[in-house]
Amino acid sequence: MTKNIVIKFGGSLLFSEGGTINYKKITEFCDLIKNDKNYDSIVIVCGGGKIARQYIKAIREFTENEILCDMIGIDISRINSRLIVANMKEFAYPQVPESFEELSKAIITSKIVVMGGLQPGQSTTSVAIQVAEFLKAARLIILTDVDGIYDKDPKVFDDAKLLRELNYDSLQKIILEMSEDTQAAAGEYRIFDAVSLQILKRSNVVVSIISGSNLDQFKKLWNNEKVNVGTTITK
Ligand code: UTP
């Protein structure tokens with residue numbers, strides 16, 4: 001049985017507060033992954049981050065076409081992926097797959113594969129779950145800018161509680177309670193959007209959502225240390 005893993009590297013981690021590219025974080029992350037001997041396949045799905053949101057905002061000013069907004073988000077996530085590919089050098093597959101066919105070809109080379117979005121109407125979290133399902137990955141790790149999933153929005157409510165363990169049904173309840181009209185707009189897909197939930201429900205993937213603000217938690221998880229970090233979602 002092959003052992004595969006998918007990591008979503010949230011776009012928020014690629015850029016520092018001022019909007020400059022966070023070279024240090026990218027290098028630290030790539031150095032951790034590069035020399036791995038535990039997995040047969042590693043796929044990194046890169047988000048769009050601030051730059052994608054800036055482009056989406058501008059496009060929305062010019063046209064009310066959400067598909068165009070999504071398309072630019074996808075393009076930026078692919079450009080962001082190139083940063084990781086460049087850092088990984090010969091450890092990474094040199095092209096960014098734009099479909100599952102391309103991913104299949106990339107995977108058989110045993111290189112680390114880095115990709116961004118695939119089609120409009122979803123987020124890179126949806127892509128990460130699709131890839132995890134496709135590869136029957138043992139786990140999907142989502143690295144983002146919050147500590148995990150909370151019972152309510154931690155940016156709005158001081159008393160929001162971090163949920164350590166969730167099953168698919170309880171996650172669905174939280175998403176429905178939290179969802180607003182903006183949930184499905186380009187650039188606004190939340191940490192876990194409705195499309196992602198639907199794919200997750202049929203996939204059986206175990207998902208860990210952890211903060212990538214500093215990579216200590218990720219390091220422990222990556223090294224298989226028994227740690228209680230972030231939120232773990234199981235069936
Ligand atoms: P994300 O919103 O998923 O990137 O993709 P992100 O910045 O990493 O998100 P967070 O901060 O970690 O949650 C950027 C945008 O690209 C479009 C969407 O508009 C999305 O908001 N996109 C991405 C698609 O339309 N389809 C995809 O498959 C992926």
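Structural data are supplied above this passage.
We now turn to the structure provided with this report. (Residues numbered from 1 in each chain as written. Predicted model: local features only at pLDDT ≥ 70, side-chain atom pairs only at ≥ 80, totals over all residues. Heavy atoms only, no water.)

## A look at the packing of aromatic side chains
To be explicit about the condition: Paired rings are identified among Phe, Tyr and Trp, the last through its six-membered ring, by centres lying within 6.5 Å, and are further divided according to the angle between planes into stacked (under 30 degrees), edge-to-face (over 60) and tilted (the rest). Should the NZ of a Lys or the CZ of an Arg lie within 6 Å of a ring centre and within 35 degrees of the ring normal, that charge is described as sitting over the ring.
The full count for this structure, using the stated rule, is 5 aromatic pairs. Taking NZ or CZ as reference, Lys152 lies 5.4 Å from the ring centre of Phe157, over its face.

## Here we look at the sheet that holds strand E7 (residues 165-167)
The condition that has to hold: At least two DSSP bridges between two strands are required for those strands to pair. We count a stretch as a helix when DSSP gives it H or I for four or more residues in a row; a strand needs E for two or more, and each element gets its number in order from the N terminus. Fitting a line to C-alpha atoms yields each axis, with helices limited to the stretch in contact; the angle taken between N-to-C directions then spans 0 to 180 degrees. Only heavy atoms matter for contacts: two residues are in contact if any of them lie within 4.5 Å across the pair.
An order of E3-E2-E1-E4-E8-E9-E7 is seen for the 7 strands of this open sheet, with the pairing classed as mixed. Looking at the sheet topology across the chains shown, the edges are occupied by strand E3 (113-115) and E7. Across the sheet, the axes of successive neighbouring strands diverge by a mean angle of 20°, strand direction being ignored. Here strand E1 (residues 4-9) pairs with strand E4 (residues 139-144) via 5 bridges, running parallel. If you follow Ile7 over to E4, its bridge partner there is Ile141. Sheet contacts for helix H4 (residues 66-88): E1, strand E2 (41-46) and E3; angle to E2, the most-contacted strand, approximately 135°.

## Looking at the packing of helix H3 (residues 49-62) against H4
Selection rule: Here the angle decides the label: under 35 degrees means roughly parallel, over 145 means roughly antiparallel, 65 to 115 means roughly perpendicular, and every other value means oblique. Definitions for this section: a left-handed crossing has its near helix turned counterclockwise from the far helix by less than a right angle. A right-handed crossing has that turn clockwise. Gly falls in the polar group here, along with every residue not listed as nonpolar (Ala, Val, Leu, Ile, Met, Phe, Trp, Tyr, Cys, Pro) or charged (Asp, Glu, Lys, Arg).
Here H3 crosses H4 at 155°, and the two axes come no closer than 9 Å. Comparing the axis directions of H3 and H4 gives the class roughly antiparallel. Viewed along their axes, H3 and H4 form a crossing whose handedness is right-handed. Where H3 abuts H4, its residues Ile51, Ala52, Tyr55, Ile56, Ile59 and Arg60 lie against Glu66, Leu68, Cys69, Ile72, Gly73 and Ile76. Taken together, the residues that form the contact of H3 with H4 break down as 9 nonpolar, 1 polar and 2 charged.

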